[in-house]
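Results of the structural survey
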Amino acid sequence: MSARGFVVVLCTAGLLPGCEFVNVHQLVEGGLRAGAMQLPVGPEEEIAYGGAVAVQVVARYGGLDKTPELVEYVNLVGEALAIHSPRPELPYHFAILNTDEVNAVSAPGGYVFITRGALKACRTEAELAGILAHEIAHIAAGHAVKILQNLKSKQAIADSTGWKSTAVFGQIVDGFLDDYMTKGLPQDDEFEADRIGTAILARVGWAPDGLRTLLSRLAAGRTAESKDRFYGTHPDTGARVSRIDALLPGYKDKDGVTLELRFRDRTASLAKRVGHVH
Amino acid sequence: MAPNPRILRRSAVALLCVGAQMVAALALAAGPVFVNTRYAKLRSGKTSSAPEVAKLAFGQQLTVASEEASFLQVTTADGKSGWIARQWVASTAPGKAGLAELLGAAARGGGGSGVAYTAGARGLAPEAESHAAGKGDLGQAIADVKEMERYSVPAPKVEAFLKDGRLGEFADQRTARTLRPHREPLACAVGGKPICFLRGIR
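Report on the accompanying structure. (Residues numbered from 1 in each chain as written. Chains lettered and ligands numbered in written order. Predicted model: local features only at pLDDT ≥ 70, side-chain atom pairs only at ≥ 80, totals over all residues. Heavy atoms only, no water.)

When you go through chain A residue by residue, the secondary structure sums to 14 helices and four strands. Across the 278 residues in chain A, those meeting the buried criterion constitute 66%. Look at the contacts in chain A between residues 6 or more apart in sequence, and 78% of them connect residues 24 or more apart. For chain A, the computed accessible surface area is about 9000 Å², with 51% contributed by carbon and sulfur atoms. (Helix = DSSP H or I, 4+ residues; strand = E, 2+ residues; numbered from the N terminus. Buried < 20%, exposed > 50% of the residue type's maximum accessible area, 1.4 Å probe, protein only. Contact = heavy atoms within 4.5 Å. Areas by Shrake-Rupley, 256 points an atom, 1.4 Å probe, with all protein chains shown as cover.)

Below, the structure written as structure tokens:
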């Protein structure tokens with residue numbers, strides 16, 4: 001499977017190109033229709049699947065960028081969001097993927113990744129928080145869990161610990177990686193993650209349009225020659241921006257901060273690297 | 001002319017939604033509420049700068065006595081009384097309802113079913129490590145994820161970060177100087193004449 005297909009999946013702040021949502025959507029809908037046939041995925045199980053997926057994410061993106069001040073900053077922003085999220089009880093983990101590709105990815109159970117390229121593309125703390133909030137929203141809404149539930153329900157599991165069997169666990173994770181991750185999330189889940197992410201941003205106190213401003217700028221920067229996957233294959237950025245725009249009047253009484261200067265201070269080391277867009 | 005049934009249905013739904021939100025707001029005032037974070041503090045006053053009376057546990061039930069702006073006056077089961085930032089409580093015990101509460105309306109989905117605080121559970125699950133180990137040369141990626149899981153920002157540092165940014169419960173400490181319009185620059189003026197334009201004071 002290509003790294004690109006992989007990316008789509010865990011869903012980038014919609015920064016994913018080439019997503020074929022239909023099949024996955026059908027898969028999810030099929031699972032939902034199954035109703036009583038669905039087997040629940042508990043927290044321990046969700047975290048275990050997420051860990052297995054996280055290893056694949058790290059491997060396919062060339063490892064982690066471990067620049068101490070950047071890791072700390074992303075974790076501070078991420079933790080501030082996580083404790084205000086609808087699932088604050090999860091053990092969230094945040095890391096920077098060692099690539100200049102613009103993207104963000106999450107895995108079930110609380111694993112959240114942002115690429116160094118996406119960090120470079122941000123201009124304010126509210127924008128960084130917007131990307132991370134979108135990923136946290138996927139986790140909080142259980143978008144990947146729905147897929148896992150469907151895959152689990154196809155397994156012959158005798159009891160509540162049956163998922164721990166090496167064979168069963170492997171089939172569920174591999175099914176997730178090979179099927180769901182190559183086809184991406186349903187489009188509705190992406191819009192929902194924007195909606196929930198924007199609500200989390202507002203709850204913490206960042207400017208609710210953080211994700212919107214970043215998406216809008218990325219879309220505007222697209223050129224005919226651009227080979228970036230985001231610009232090349234993700235057709236819905238304009239629609240996402242429009243939908244977020246429709247949400248923002250609901251937050252007009254929320255005074256949000258962008259914290260642009262703090263972002264610049266904390267990411268100063270990035271500015272010294274080639275290609276920084278500050 | 002007979003009323004349009006579709007409009008009637010929409011009106012009824014809208015009224016129900018508004019009604020539900022009003023009921024939810026009233027219910028909060030009547031208590032009980034539940035602590036939805038491990039960062040919550042019971043304070044002696046209704047501001048984020050008021051002294052701490054006690055730390056509160058995730059999921060702890062509180063009884064609401066009154067509401068003031070962004071703070072609630074609450075009482076714990078063991079009789080401690082004080083104020084807590086509104087965003088640190090939910091009207092239902094931690095769980096799926098958090099999503100609906102955040103959005104102010106019913107939302108589909110809901111994630112896992114656990115409500116216990118699991119942040120202490122750090123470390124790649126043995127099933128996950130075993131699966132990855134069977135996939136070939138993933139030793140470095142496994143080590144990276146373990147390092148990611150071990151990384152932890154101490155709670156006081158997160159709190160200081162929120163306070164420095166006037167975020168979360170510290171939003172009440174904002175002044176005009178810490179806020180700026182999202183898109184327009186902030187104009188500085190003397191005697192009504194603009195002398196400079198600043199962007200992003202904070």
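Attention now moves to the sheet that holds strand β1 (residues 64-65) of chain A. Residue and element names in this part refer to chain A. Pairing is mixed in the open sheet, where four strands are placed in the order β1-β2-β4-β3. In this open sheet, the two strands that pair with only one neighbour each are β1 and β3 (104-107). With five bridges joining them, strand β2 (residues 93-97) and strand β4 (residues 111-115) adopt parallel strand pairing. Bridged to Ile96 within β4 is Ile114. Contacts between helix α4 (residues 68-82) and the sheet are confined to β1, β2 and β4, with β2 contributing the most and set at about 140 degrees to the helix. Against the sheet, helix α6 (residues 125-141) makes contact with β2, β3 and β4, and its axis sits at roughly 145 degrees relative to β4, the strand it touches most. (Pairing = 2+ DSSP bridges. Axes fitted to C-alpha atoms, helices over the stretch in contact; angles between N-to-C directions.)

Regular strands place their side chains on alternate faces of the sheet. Residues and elements named next belong to chain A. The alternating pattern of β3 places Ala104 and Ser106 on one face and Val105 and Ala107 on the opposite face, and all of these are buried. Inspection of the sheet shows β3 paired to β4 by four bridges, in the antiparallel sense. Across the sheet, the residue bridging to Ser106 is Val112, located in β4. Between β3 and β4, which pair antiparallel and follow one another directly, the connecting turn spans three residues, one of which, Gly109, has a positive phi of 90 degrees.

Next up on the list: unusual backbone geometry. Residues apart from glycine generally show negative phi values, whereas peptide bonds are mostly found in trans. Its identity is not glycine, yet Leu259(A) carries a phi of approximately 50 degrees, on the positive side. With respect to the element layout, Leu259(A) can be found in the loop between α12 (237-247) and α13 (260-266). Backbone geometry places Arg166(B), a non-glycine residue, at a positive phi of 55 degrees. Within the element layout of this structure, Arg166(B) appears in the loop between α5 (155-164) and β8 (186-190).

Residue and element names in this part refer to chain B. Helix length check: helix α4 (residues 139-150), at 12 residues, gives a terminal C-alpha distance of 17 Å against a target of 16 Å (1.5 Å per residue), a fit within 8%. Taken together, the buried positions of α4 are occupied by Ala141, Ile142, Asp144, Val145, Met148 and Glu149. Taken around the axis of α4, the buried residues stretch over an arc of 160 degrees, which confines them to a single face. In this structure, α4 carries Gln140 and Arg150 as exposed residues pointing more than 90 degrees from its buried face. (Expected span 1.5 Å × (residues − 1). Arc of directions from axis to C-beta.)

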